[in-house]
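Here is what each chain is made of, one letter per residue.
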Amino acid sequence: MIKAILFDLDGLLVDTETLGIKSIEKTLENIGIKLTKEELNGHIGITSRKFCEEILKKKGIDKNIDTILQKHFRLYESLLKTDIKRFVGATSIPKKLKKKGFKLALVSGSTRIQIEIVLNKLKLNNLFELIIASEDVKNSKPNPEPYLLALKKLNLKNKEGIAIEDSEAGVISARKAGIKVIGVMNNGGQNLSLANKIVKS
C-alpha cells in the first residue's frame, strides 16, 4: 500500500534547472572554464558540488570548489527570487495528494536555503512532512542515499513510497532505493527509461 509520495523539486515542480545551468555557466566562465552544452546538461539531477568536482577533475583544473560554489549560489539564489517558473500542477497536485491522506516528502539536490526560497514562492511551505536537502546526505543522486534517508525518517518500507522525478540521476537514485518511480518529461532531454511509468507533464 502506497503511503507516501516523494517529490523531486528542480525541473519537476519548478523550472529552476535552466536557472541553475545559467548560473553555473556564468560562474565557471568567470574563472576561465568554458563548458559545452553537453557538459552543462550534466548539471541536471545532481548537486552543484558534485558537478563542479567532476568538471574540475575532467579538465585537470585545481580550484577551490567552496569558493566557486559560494559565487554560484549567490547568483542562483538571486535568480530564484526573480525568475522562477512553476510547471503545470506544481501546487495543485501535491495539495490534492495531501488531502487524500498521503505523506509528502521533498527529496532534492538543492540546499535547504534554495528549497525554502522556492517553497515560499510556490506557497507550499507547510505541505511537506519531510525535506531532504543536499546537506543532509554524503552521497547525492544517483546514489540511493537521499531516498533511503527519506524512507528511514518517514518510517516507511520502500514499497510504501512512490518517487516522482524528472532526471535520469533522480530515477536511478529512487530505483536503487527500491522505490517505484514516475518519470516526468517536462522539458525533456533526460533518459527516464528506468522509470516504472513515464508521463509528459
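These figures come from a predicted structure and were not determined experimentally. (Residues numbered from 1 in each chain as written. Predicted model: local features only at pLDDT ≥ 70, side-chain atom pairs only at ≥ 80, totals over all residues. Heavy atoms only, no water.)

Visitor: It is not clear to me how the overall build of the protein chain should be interpreted in this structure. Could you clarify?
Guide: From N to C terminus, the protein chain includes 8 helices and 6 strands. Counting from the amino terminus, helix and strand elements in the protein chain follow one another as β-α-α-α-α-α-β-α-β-α-β-α-β-β. A compact globule built from 201 residues would reach a C-alpha radius of gyration of about 17 Å, and the protein chain, at 16 Å, matches this within 12%. Projected onto its principal axes, the C-alpha positions of the protein chain cover 50 × 35 × 30 Å. Sorting the 201 residues of the protein chain into buried and exposed places 50% on the buried side. Across the protein chain, every contact between residues at least 6 apart in sequence was considered, and the portion connecting residues at least 24 apart equals 61%. Summed over its atoms, the accessible surface of the protein chain is roughly 10,700 Å², and 51% of this surface lies on carbon and sulfur atoms. (Helix = DSSP H or I, 4+ residues; strand = E, 2+ residues; numbered from the N terminus. Rg over C-alpha atoms; globule rule 2.2 N^0.38 Å. Buried < 20%, exposed > 50% of the residue type's maximum accessible area, 1.4 Å probe, protein only. Contact = heavy atoms within 4.5 Å. Areas by Shrake-Rupley, 256 points an atom, 1.4 Å probe, with all protein chains shown as cover.)

Visitor: Explanation requested: the sheet that holds strand E1 (residues 4–7) in the structure shown.
Guide: Sheets are built from strands that pair by backbone hydrogen bonding, the pairs being arranged parallel or antiparallel. Reading across the sheet, the 6 strands line up as E3-E2-E1-E4-E5-E6 and stay open at both edges, with parallel pairing between neighbours. In the strand order of this sheet, the two ends are held by strand E3 (130–132) and strand E6 (197–199), each with one partner. Put simply, the sheet's adjacent strands are angled 20° from each other on average, direction ignored. For strand E5 (residues 180–184) and E6, the ladder comprises 3 bridges, and the chain directions are parallel. Paired with Ile-182 across the strands is Lys-197, a residue of E6. Docked against the sheet, helix H6 (residues 112–122) engages strand E2 (103–107) and E3, running at close to 130° with respect to E3. (Pairing = 2+ DSSP bridges. Axes fitted to C-alpha atoms, helices over the stretch in contact; angles between N-to-C directions.)

Visitor: Can you help me understand the pairing of E1 in this one?
Guide: Regular strands have side chains that alternate between both faces of the sheet. Of the two faces of E1, both are covered, the one formed by Ala-4 and Leu-6 as well as the one formed by Ile-5 and Phe-7. Two strands pair when backbone bridges link them, and E1 and E2 are joined in this way by 4 bridges, in the parallel orientation. Paired with Phe-7 across the strands is Leu-106, a residue of E2.

Visitor: What am I meant to see in the packing of helix H4 (residues 65–83) against H6 here?
Guide: The description of two packed helices rests on the angle between their axes and on the distance between the axes. Contact geometry for H4 and H6: axes closest at 10 Å, N-to-C directions at 10°. With respect to H6, the axis of H4 lies roughly parallel. Of the residues in H6, those in contact with Phe-73, Tyr-76, Glu-77, Leu-80 and Lys-81 of H4 are Ile-113, Gln-114, Ile-117, Val-118 and Lys-121. For the contact of H4 with H6, the residue count by class is 6 nonpolar, 1 polar and 3 charged. (Parallel < 35°, antiparallel > 145°, perpendicular 65-115°, else oblique. Nonpolar A, V, L, I, M, F, W, Y, C, P; charged D, E, K, R; others polar.)

Visitor: Just to check I follow, could you spell out the side chain of Thr-111 for this structure?
Guide: Looking at where Thr-111 falls in the secondary structure, it is placed in the loop between E2 and H6. Not counting the four nearest positions on each side in its chain, Thr-111 is found in contact with Phe-73, Glu-77, Ala-133, Ser-134 and Glu-135.

Visitor: Any chance you could explain H4 here in plain terms?
Guide: In an α-helix, one turn spans 3.6 residues, which is why side chains three or four residues apart end up on the same side. For H4, with 19 residues, the first-to-last C-alpha span of 26 Å sits near the 27 Å given by 1.5 Å per residue. Listed in full, the buried residues belonging to H4 are Ile-65, Ile-68, Leu-69, His-72, Tyr-76, Glu-77, Leu-79 and Leu-80. Viewed along the axis of H4, the buried residues span an arc of 160°, placing them on a single side of the element. H4 presents Arg-74, Lys-81 and Thr-82 as exposed residues on the side facing more than 90 degrees away from its buried surface. Turning to H4, the residues buried within the fold contact helix H1 (17–29), helix H3 (48–59) and H6. (Expected span 1.5 Å × (residues − 1). Arc of directions from axis to C-beta.)

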